[in-house]
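Single-letter residue listing:
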Amino acid sequence: MENQPKKQHYVPQCYLRQFATVDSITKKEPLIWIFPKNKRKGRLDKIRNVLFAKDLYTIDRGNTKDYSIEKTLGNIEGKYTTVYREKIAKRLPLNKEEHTILCIFIGALMQRTLRHKDSVETFLTEVIEKMEKVDEAHNTKSKIVEDYKKLKQNSHKLGILTILPDIAEVLTKMNIAFMCTDKTSTGYITCDDPCIMFNPDLQWQKFYGYGLAQKSIELTITLSPTTMAVFS
């Protein structure tokens, strides 16, 4: 059990490697520049030491820990790495299988971040608090409250793979384009939440949130300093 992947990245190392410094990108321990939000000064660090959390996707089963989710994500990352290296980096068209692998990788990346984890858990916390107030008002104790508390414990972890097929299917049906720069231009950068959704029809209001079901939704993700994928 000592060799189990306890150090789990919410932004995959295979993705971050494309943003490593030029002199370290081919080395065993690539380095990447990290700039904390609202700070002008950055630091250079090993990719394996950034954007991770211990047992982020591990399911605690009492006496044992289940690393199936992390291992499944690792398999997805491996397939994506091949597609990126053999096709995307060379600016070659993707076949149907490669297109699907890209969509699965991005679908997982959309959900595995800490921001998404916080969003899911905050929503469930609000639901639980409202149900508790109803119980308090009626002097009752609903079993559903306890069920939701148990659901919250692994909601983010299990949701990644549960919802992934639906997200990937939506992405495969969207238009996709790659916006590329040359090596002399200022390159793209990335962040700890790389998938950006934007709906131009909703930009002047605050009531509705963004979602893949919206007709005008756009999803962008920088895959490297020279390549950005755009879904619309």
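Please read all numbers here as calculations on a predicted model, not as lab measurements. (Residues numbered from 1 in each chain as written. Predicted model: local features only at pLDDT ≥ 70, side-chain atom pairs only at ≥ 80, totals over all residues. Heavy atoms only, no water.)

## Describing the sheet that holds strand E8 (residues 196–198)
The test is simple: Each pair of strands is called paired provided DSSP finds at least two bridges between the two strands. Think of it this way: any DSSP run of H or I at least four residues long counts as a helix, any run of E at least two long counts as a strand, and we number them from the N terminus. The angle between two axes is taken between their N-to-C directions and runs from 0 to 180 degrees, where each axis is a line fitted to C-alpha atoms and a helix contributes only its stretch in contact. Residues are treated as being in contact if the distance between any of their heavy atoms lies within 4.5 Å.
Pairing in this open sheet of four strands is antiparallel, and the strands run E7-E10-E9-E8 from one edge to the other. Each edge of the sheet is formed by a strand with only one pairing partner; in this case those strands are strand E7 (176–180) and E8. Strand-to-strand twist in this sheet, taken as the mean axis angle between neighbours without regard to direction, amounts to 25°. With five bridges joining them, strand E9 (residues 218–224) and strand E10 (residues 227–231) adopt antiparallel strand pairing. Considered in E10, the bridge of Thr222 is made with Met228. Sitting on the sheet, helix H3 (residues 96–111) touches E7, E8, E9 and E10, and the angle it makes with E9 is about 100°.

## Topic: unusual backbone geometry
Look at Asn38: it is not a glycine, yet its phi comes out positive at around 70°. With respect to the element layout, Asn38 can be found in the loop between strand E2 (31–34) and strand E3 (43–46). Even without being a glycine, Arg91 presents a positive backbone phi close to 60°. For Arg91, the position within the fold is in the loop between helix H2 (68–88) and H3.

## Description of the pairing of E2
Cut-off, in case you're wondering: With a 1.4 Å probe rolled over the protein chains alone, any residue whose accessible area is under 20% of its type maximum counts as buried; one over 50% counts as exposed, and the rest are partly exposed.
Where burial is concerned, the two faces of E2 differ: the one with Ile32 and Ile34 is buried and the one with Leu31 and Trp33 is not. Where E2 and E3 come together, four bridges link them in antiparallel fashion. When the bridges of E3 are listed, Leu31 appears paired with Lys46.

## A few points about the pattern of salt bridges
Proximity of charged atoms lets side chains of opposite charge pair with each other. So the rule is basically this: Here, a salt bridge means any Lys or Arg side-chain nitrogen found within 4 Å of an Asp or Glu carboxyl oxygen.
Applying the stated rule across the entire model yields 13 salt bridges. Of the charged contacts in the structure, one is a salt bridge between Arg85 and Glu86, with a shortest N-O distance of 3.9 Å. You can call Arg85 partly exposed: its relative accessible area is 46%. Here Glu86 falls in the partly exposed class, since its relative accessible area comes to 40%. Taken together, the salt bridges that share partners define one network made up of Glu132, Glu146 and Lys149.

## Here's the deal with the environment of Val22
By secondary structure assignment, the location of Val22 is in the loop between helix H1 (13–16) and E2. As for Val22 and Leu114, which are separated by 92 residues in sequence, their C-alpha atoms are 28 Å apart.

## Thoughts on the state of the cysteines
Worth spelling out the cut-off: Note on terminology: pairs of cysteine sulfur atoms within 2.5 Å are recorded as disulfides.
Within the structure shown, the criterion is met by zero disulfides. In this model Cys14 remains outside any disulfide bridge; the closest cysteine sulfur is found in Cys195, 12 Å from its own. By relative accessible area, Cys14 is classed as buried at 16%. Between Cys103, a free cysteine, and Cys195, which holds the nearest cysteine sulfur, the sulfur-to-sulfur gap is 11 Å.

## Observations concerning the pairing of E9
Among the seven residues of E9, five are classified as buried, and the element is accordingly described as predominantly covered. Bridging between E8 and E9 involves three bridges; their strand directions are antiparallel. Looking across to E9, one finds that Ile196 is bridged to Thr220. Turn length for the E9-E10 hairpin, with the two strands adjacent in sequence and antiparallel, is two residues.

## What about the packing of helix H4 (residues 114–138) against helix H5 (residues 143–173)?
Worth spelling out the cut-off: We call two directions roughly parallel when the angle between them is under 35 degrees, roughly antiparallel when it is over 145, roughly perpendicular when it lies between 65 and 115, and oblique otherwise. By the convention adopted, Pro, Cys, Tyr, Trp, Phe, Met, Ile, Leu, Val and Ala count as nonpolar, Lys, Arg, Asp and Glu as charged, and the other residues, Gly among them, as polar.
Their axes nearest at 10 Å, the elements H4 and H5 cross at an angle of 175°. Of the possible angle classes, the one that applies to H4 and H5 is roughly antiparallel. In this structure, H4 contributes His116, Lys117, Val120, Glu121, Leu124, Thr125, Val127, Ile128, Met131, Glu132 and Asp135 to the contact, and H5 contributes Ile144, Val145, Tyr148, Lys149, Leu151, Lys152, Ser155 and His156. In the contact of H4 with H5, the residues fall into nine nonpolar, four polar and six charged.

## Section: H2
Rules: Here a helix's expected span is defined as the number of its residues, less one, multiplied by 1.5 Å. Arc definition: it is the arc formed by the directions from the helix axis to the C-beta atoms.
Across its 21 residues, H2 extends 28 Å between first and last C-alpha, which sits within 8% of the 30 Å expected from 1.5 Å per residue. Within the sequence span of H2, burial applies to Ile69, Glu70, Leu73, Ile76, Glu77, Tyr80, Val83, Tyr84, Lys87 and Ile88. Along the axis of H2, the buried positions cluster into a sector of 135°, meaning they face one direction only. Turned more than 90 degrees from where H2 packs its buried face, Asn75 and Lys79 sit exposed.

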